[in-house]
Amino acid sequence: MVDENSLELIKERTDIVEIVGQYVKLRKRGLNFLGLCPFHNEKTPSFVVSPDKKIFHCFGCGTGGNVFSFLMKIDGLSFIDTVKLLAEKSGIELNDDQMMNFEKDDRENGFALLSKIKDAYHQQLDHEEAKNYIKDRGLDKETIDNFQLGYSSKANCDELLGFDVKDIKDDLLDIGIGIDSKGKIKDRFYKRFMFPIIDLQGRTLGFGGRIISGEGAKYVNSPETRFYSKSNVLYGLNMAKKYIRENNGQLILVEGYMDAISVFQSGIKNIAAALGTAVTPQQFNLIKRFVKLLYMCFDNDDAGKNAMYRVNDVLQDPEVEVKVIGLKDCKDPDDFIKKYGLDSFRKQMIEAITYKEFLIDHSIKVHGHSMESSKMAVEDKSRVLKELKSILRFENDIIKNVYIAMIASKLNIDLDQVKGYFFTYNTLSISKKKDYKIDKGSKDKFFKLEEDVLSILLSHVSLRNEFLGNFSVDDFIDMEHKKIFALIVNNPEKDVQYLCDLVAGHKIVSICMKINFANPQLFLQEAVESLKKRNNREKVADLKKQIIELEKIGDFDKLMCLNQQLSELIKNK
Ligand SMILES: [Zn+2]
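Residues numbered from 1 in each chain as written. Predicted model: local features only at pLDDT ≥ 70, side-chain atom pairs only at ≥ 80, totals over all residues. Heavy atoms only, no water.

**Let's talk about the pattern of salt bridges**
- Scanning the model with the defined rule gives 22 salt bridges in all.
- Asp-164 is the salt-bridge partner of Lys-166, the closest N and O atoms lying 3.6 Å from each other.
- In this structure Lys-166 comes out as exposed when scored by relative accessible area, which is 62%.
- We classify Asp-164 as exposed; its relative accessible area is 51%.
- The partner of Lys-347 in a salt bridge is Glu-351, with the nearest N and O atoms 3.5 Å apart.
- Because the salt bridges share partners, they merge into one network encompassing Arg-137, Asp-334 and Lys-338. (Salt bridge = Lys/Arg side-chain N within 4 Å of Asp/Glu carboxyl O. Buried < 20%, exposed > 50% of the residue type's maximum accessible area, 1.4 Å probe, protein only.)

Quick look at the structure:
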């Protein structure tokens, strides 16, 4: 494995400005250096190097990374060669062990073994049980070969591989295939139909095994190993990649192995499976590399719909449009195509609703207990509104307004009321009442403060433990800031480089390239206070405004309630 410590040491001792400066003419600009991007054609410089953060970023083409990725990209060097080069330059001697580690990915043997096992399973498909399953599912030869499907008919690994596995026992355990049982190395997947999970480089990472006779869980998957991590891979993306491109960046995401395979066989090949009932941020990152329009098509049951609903926070990217395909009365896409045919499925794709509309419908269905909106209780409607307000919080006002109209109509509520509810905070700044108007100067000040807080939280992983819990998404008013904060919260252990790679936007990079703080700890302590106070002030202003409105219409119950909230807020100030 690559030794993280030596990598850090090399990075530490390497002057990124000096290295990049050999290729790009850099001028100092504040704390950073600016130049013409070597990775795209430009006349005005938008390529920034930060000596403190040890990263570079082009605000023109989006290319960015650390000193390693710069050299790899500009000189076409391999990672190993880059490490060697920089180690030498910075006078760090890597000993033989470390060199060996760098020489090759020490997982190579494991991947080779996984591939061998994949082939061994594939060769056992003429087993009666496997043949029956294939016939049952209507899988043709081409599909079986494409997906390298297989069957495990041997209880022990030596039978499976055809030789004594004593010497590679540890390897078999390491790759998640073998189970040590009284001296015998058993095959974890015995008597299962096998779906190899293959990554974009064509390496076999692990397997899913479906039971086709006897007792046991319907599916068994490879355990988490150094080779396979469930949340990092999408099943079938290796096959789909080419077809995503051919289909203008469209991908259909389904739940399971068989959904992906049978839809692929039927002729829609830009399809992959999430393997599980969630889409992880890592999976979505993979998707973002290829996909402009993502069709979600999970099972047409509560589990599937709840799963699609739950990943709302993950599926957030302005560059990726998300839609949801309806399956009428069918339980999954495979079922749908068998019943209605491929053309109907294509029609469903055209008619797919936006993911936001799906979220609205689902929220109404869950909180309304599947009742018609005219019969829904006011409390339930209010729950829906609260939930949707949170879901739509990152959207701009134009999009928000579109969905607000949709929500009002679907919930049978007056549009202005829904609008009022969704825009309570935003109307504040345009209010004419002087005493609760927030002037531009203070707005700018807080905007900068939010940026500074994020800058520190991004750059100082060590401070997150202490401070992250003191802030909440609501402490940030700017939408981009909210997103970046949520990103840090979701990846508390990841460094700035990783987080910048995670999102394509420039905002995060420009924030993390901001000034360095002499005492970031103290700064955060004070910032916590300031932001809380600011929010308190805004809440007070908002409540005052609402109270004035309520006084006008004479809603005294609500008025009392708000007055109480107000006095508590003022008390806690
Ligand atoms: Zn560029």
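**A few points about the side chain of Ser-222**
- Secondary-structure assignment places Ser-222 in the loop between strand 11 (219-221) and helix 11 (237-246).
- Within the local environment of Ser-222, its side chain forms a polar contact with the backbone nitrogen of Phe-207, the two atoms lying 2.8 Å apart.
- Beyond its immediate chain neighbours, meaning those up to four positions away, Ser-222 contacts Phe-189, Gly-206, Phe-207 and Tyr-228. (Helix = DSSP H or I, 4+ residues; strand = E, 2+ residues; numbered from the N terminus. Polar contact = N/O pair within 3.5 Å; in protein donor to acceptor, adjacent residues only side chain to side chain. Contact = heavy atoms within 4.5 Å.)

**Topic: the sheet that holds strand 6 (residues 150-151)**
- Pairing within the open sheet is antiparallel, and its four strands lie in the order 6-9-10-11. Edge positions in the open sheet fall to strand 6 and strand 11, since each of these has one partner strand only.
- Sheet analysis places strand 6 next to strand 9 (residues 192-198), joined by two bridges and oriented antiparallel. Paired with Gly-150 across the strands is Met-194, a residue of strand 9. (Pairing = 2+ DSSP bridges.)

**Some remarks on the packing of aromatic side chains**
- Scanning all chains against the criterion turns up 25 aromatic pairs.
- The rings of Tyr-133, Phe-147, Phe-193, Phe-195, Tyr-219, Tyr-235, Tyr-243, Tyr-257 and Phe-264 are connected pair by pair, giving a single aromatic cluster.
- Above the plane of the ring of Tyr-340 lies Lys-328, whose end atom (NZ or CZ) is 4.8 Å from the centre.
- The positively charged end of Lys-389 is found above the aromatic ring belonging to Tyr-421, 4.9 Å away from the centroid. (Phe/Tyr/Trp six-rings, centres within 6.5 Å; stacked < 30°, edge-to-face > 60°. Lys NZ or Arg CZ within 6 Å of the ring centre and 35° of its normal.)

Everything listed is a geometric property; what it means functionally is a separate question.
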